[in-house]
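Chain by chain, the residues run as shown.
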Amino acid sequence: MRKWIPLAAAPLLLGNATGTLEVTVTGLKGTKGGLIACLWKDKAGFPYCAKSKSAVKLRTPITGGTMKVSFRNVAAGSYVVSIEHDEDGDGKLKTNFIGMPKEGVGISNNPGGIPGWSKSQVKVNGNGAISIAMKYL
């Protein structure tokens, strides 16, 4: 497994009492492109991870159908995790003319339909683990 490198840091996530949020991503379709994972503290820009300026982002090549992502130094609170399979490696989520994703996506709590902020929130208090199932159209 490759080491994760944060692309952006959100000062709101760092604090005195922090933990690690481990995310297992399942159902990845192929190893083309890369995985973009975002940890959201607030909903500004949600759910478009690649375009977000507020979310903490991690990028890595895809090595298999199931992968693990670790967000470190996460302060206690409520968060949303979103995952994008950047199949063509251009750093952007491809969408159709009505905004539906043409590349794989996943979100915490695996809600159906259009992801809602409140349905997707997970509580973090110390170390924790969640699983996200990818969806492809």
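Rules used throughout
- Residues numbered from 1 in each chain as written.
- Predicted model: local features only at pLDDT ≥ 70, side-chain atom pairs only at ≥ 80, totals over all residues.
- Heavy atoms only, no water.
- pLDDT = per-residue confidence, 0-100.
- Helix = DSSP H or I, 4+ residues; strand = E, 2+ residues; numbered from the N terminus.
- Contact = heavy atoms within 4.5 Å.
- Core = buried A, V, L, I, M, F, W, Y, C linked by side-chain atoms within 4.5 Å.
- Buried < 20%, exposed > 50% of the residue type's maximum accessible area, 1.4 Å probe, protein only.
- Pairing = 2+ DSSP bridges.
- Axes fitted to C-alpha atoms, helices over the stretch in contact; angles between N-to-C directions.
- Disulfide = S-S within 2.5 Å.
- Phe/Tyr/Trp six-rings, centres within 6.5 Å; stacked < 30°, edge-to-face > 60°.
- Lys NZ or Arg CZ within 6 Å of the ring centre and 35° of its normal.

**Observations concerning the confidence of the model for the chain**
Confidence in the prediction of the chain, expressed as mean pLDDT, is 86, and 88% of residues score 70 or more. The element-level mean pLDDT for the chain is lowest in strand S1 (residues 5–6), coming to 44, with strand S9 (residues 128–133) highest at 96. Note on residues 1–15: pLDDT under 50 across the span, and 34 contacts to partners over four residues away in sequence or across chains.

**A few points about the nonpolar core**
Val-23, Phe-71 and Val-81 are the most contacted members of the largest nonpolar core, which has 23 residues in total. When residues of this core are traced back to their parent elements, those giving at least two are strand S2 (18–26), strand S3 (34–40), strand S4 (56–61), strand S5 (67–75), strand S6 (77–86), strand S8 (122–124) and S9. Counting residues in each nonpolar core, the second largest holds nine residues, with Ile-36, Trp-40, Ala-55 and Val-80 among its members.

**A closer look at the sheet that holds S5**
Strand pairing within a sheet occurs via backbone hydrogen bonds; the two strands may be parallel or antiparallel. If you walk across this open sheet you meet the three strands as S5-S2-S9, and the pairing is mixed. Strand pairing shows two members of the sheet lacking a second neighbour, S5 and S9, which therefore form its edges. Each strand of the sheet is rotated relative to its neighbour by a mean of 25°, with strand direction disregarded. Across seven bridges, S2 lies against S5 in antiparallel orientation.

**Digging into unusual backbone geometry**
Here the bond from Phe-46 into Pro-47 is cis, since omega is 5°, no more than 30 degrees from zero. Within the secondary structure, Pro-47 is located in the loop between S3 and S4. Of note, the phi angle at Asn-73 is positive, near 60°, even though the residue is not glycine. With respect to the helices and strands, Asn-73 occurs in strand S5.

**Some thoughts on the pairing of S3**
With seven of seven residues buried, S3 is to be regarded as a mostly interior element. Covered by surrounding structure in S3 are Gly-34, Ile-36, Cys-38 and Trp-40 together with Leu-35, Ala-37 and Leu-39, the residues of both alternating faces. Two elements, S3 and S4, share six bridges in a ladder whose sense is antiparallel. Residue Ile-36 lies in a different strand from S4, and its bridge partner there is Arg-59. In terms of strand pairing, S3 meets S6 through seven bridges, oriented antiparallel. Pairing of Ile-36 across the sheet is with Glu-84, part of S6.

**As for the state of the cysteines**
With the rule as written, the count across this model stands at one disulfide. Linked covalently through their sulfurs, Cys-38 and Cys-49 form a disulfide whose S-S length is 1.8 Å. Judged by the sign of its S-S torsion, about 85°, the cystine formed by Cys-38 and Cys-49 is right-handed. With Cys-38 in strand S3 and Cys-49 in the loop between S3 and S4, the pair connects residues that are eleven residues apart, well separated along the chain. The buried category is assigned to Cys-38, whose relative accessible area is 0%.

**Brief notes about the packing of aromatic side chains**
With the rule as written, the count across this model stands at two aromatic pairs. Geometrically, the ring pair formed by Trp-40 and Phe-46 is edge-to-face, given 5.6 Å between the ring centres and 90° between the ring planes. Here Phe-46 falls in the buried class, since its relative accessible area comes to 14%. What links up through ring pairs into an aromatic cluster is the set Trp-40, Phe-46 and Trp-117. The ring of Tyr-79 carries the charged tip of Lys-41 above its face, separated from the ring centre by 4.8 Å.

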